[in-house]
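Examination of the molecular architecture
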Amino acid sequence: ELRAAGFGTVFTHRMDGIARGTSAVVLLSDEVPQKSVVQADLAAHFSFRKGSSPDGYPGSQMGAIALVRQAFLDARWYAAQARPEETDAVLDALAQQLKWRLVLEADDRNEVLRWARILEEFELPGIIKGGGDEYARIAEIKATGMPLIVPFALPVAYDVEDPYDAQEVSFSRLKHWELAPYNAMMLDSAGVQFALTAHGRKDLKDLWKDLRRLVACGLDSARAIEALTTDPARLFGVDDRLGALRPGMTANFLISSEHLLSGKNTIHETWVNGLR
């Protein structure tokens with residue numbers, strides 16, 4: 001399904017828990033997994049959601065933030081010990097991850113700012129995956145200087161024909177439906193570094209339609225394509241191999257009937273690593 005939509009490579013990880021381990025760059029080829037993994041341990045991923053963990057703690061976001069901060073403090077303290085009296089595999093692994101690229105998952109614009117505060121406290125670089133509503137606090141998010149990963153699974157229109165149903169739709173939800181397509185344009189206009197992600201979609205059938213909608217709402221067409229190709233590769237440090245078509249790069253490319261953002265376009269073929 002991803003290849004049919006034009007994707008040749010994905011950055012992927014297991015999205016479960018607060019400390020989510022590391023991600024990998026994977027080619028969407030028919031090769032065996034050993035040949036499809038371009039790079040393992042690409043980045044370390046964290047969130048404020050404990051996911052499938054049966055533990056009662058943390059039971060709130062405040063508790064999750066406290067747990068993250070304490071874990072980071074413990075990992076740094078452990079790494080600073082020349083000869084620790086006791087070994088701790090978890091703290092050792094976490095200390096190593098804090099030296100890598102970090103990706104922090106936020107569900108909305110307020111969580112983006114909370115993660116930014118944590119990164120600032122520990123003087124760590126990072127990439128924050130937002131919720132698509134960054135337009136609501138654009139100035140504060142720009143001030144953090146953090147690059148973003150932005151979903152563009154646009155909300156569908158609410159059925160408000162029945163006045164009783166309309167009363168169930170809050171004003172904030174209606175405003176998000178209105179402004180979500182402008183989010184990428186506003187980030188780009190503000191000079192915020194970001195890449196787009198297909199994460200959050202139930203399926204991929206409307207992906208190019210939604211990307212065209214972002215362009216119709218003011219995002220430059222070249223920037224829209226860059227945000228799905230060169231920008232992710234640059235954010236994750238693999239732009240020497242992926243994200244562009246030139247000598248020495250992995251041969252991922254499309255053959256299409258029209259411009260990629262044309263409403264009449266059909267993707268005929270997706271080549272991955274030089275193979276169809």
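Notes on the structure in this doc start here. Since this is a predicted model, take the numbers as computed values, not measurements. (Residues numbered from 1 in each chain as written. Predicted model: local features only at pLDDT ≥ 70, side-chain atom pairs only at ≥ 80, totals over all residues. Heavy atoms only, no water.)

**Structural notes on the overall build of the protein chain**
Tallying secondary structure elements over the protein chain gives 11 helices and 11 strands in all. Over its C-alpha trace the protein chain gives a radius of gyration of 20 Å, about what one expects of a compact globule, namely 19 Å for 276 residues. Taken along the three principal axes of its C-alpha coordinates, the protein chain extends 65 × 55 × 35 Å. The buried share among the 276 residues of the protein chain stands at 40%. Here the contacts in the protein chain between residues at least 6 apart in sequence split such that 56% fall between residues at least 24 apart. By element, 52% of the accessible surface of the protein chain is carried by carbon and sulfur atoms, the whole surface being about 15,400 Å². (Helix = DSSP H or I, 4+ residues; strand = E, 2+ residues; numbered from the N terminus. Rg over C-alpha atoms; globule rule 2.2 N^0.38 Å. Buried < 20%, exposed > 50% of the residue type's maximum accessible area, 1.4 Å probe, protein only. Contact = heavy atoms within 4.5 Å. Areas by Shrake-Rupley, 256 points an atom, 1.4 Å probe, with all protein chains shown as cover.)

**Some points on the packing of aromatic side chains**
Enumeration over the complete set of coordinates arrives at 5 aromatic pairs. Ring geometry for Phe 11 versus Phe 236: centroids 4.7 Å apart, planes at 55°, classification tilted. Taken together, the residues Phe 11 in strand β1 (residues 9–12) and Phe 236 in the loop between α11 (230–235) and β10 (253–256) connect sequence positions 225 residues apart. A relative accessible area of 28% places Phe 11 in the partly exposed class. (Phe/Tyr/Trp six-rings, centres within 6.5 Å; stacked < 30°, edge-to-face > 60°.)

**Let's talk about the sheet that holds strand β4 (residues 37–39)**
Strand order in the open sheet made by the 3 strands is β1-β3-β4, with antiparallel pairing throughout. The two strands at the open ends of the sheet, each matched to only one other strand, are β1 and β4. Across the sheet, the axes of successive neighbouring strands diverge by a mean angle of 35°, strand direction being ignored. Judged from the 4 bridges that link them, β1 and strand β3 (residues 24–27) form a sheet pairing that is antiparallel. Across the sheet, residue Thr 9 finds its bridge partner in β3, namely Leu 27. (Pairing = 2+ DSSP bridges. Axes fitted to C-alpha atoms, helices over the stretch in contact; angles between N-to-C directions.)

**Quick word on the nonpolar core**
Counting residues in each nonpolar core, the largest one holds 53 residues, and the members touching the most others are Phe 72, Trp 115, Ile 128, Leu 148, Phe 194, Leu 196 and Leu 211. With 6 residues, the single largest contributor to this core is helix α4 (residues 109–121). Each residue touching Leu 148, except ones within four places of it in the same chain, is listed here: Val 112, Ile 127, Ile 128, Glu 134, Ile 141, Leu 187, Val 192, Gln 193, Phe 194, Ala 195 and Leu 235. Judged by nonpolar contacts, the second largest core, of 12 residues, contains Leu 42, Ile 149, Phe 236 and Leu 242. (Core = buried A, V, L, I, M, F, W, Y, C linked by side-chain atoms within 4.5 Å.)

Shape descriptors only; they carry no functional weight alone.
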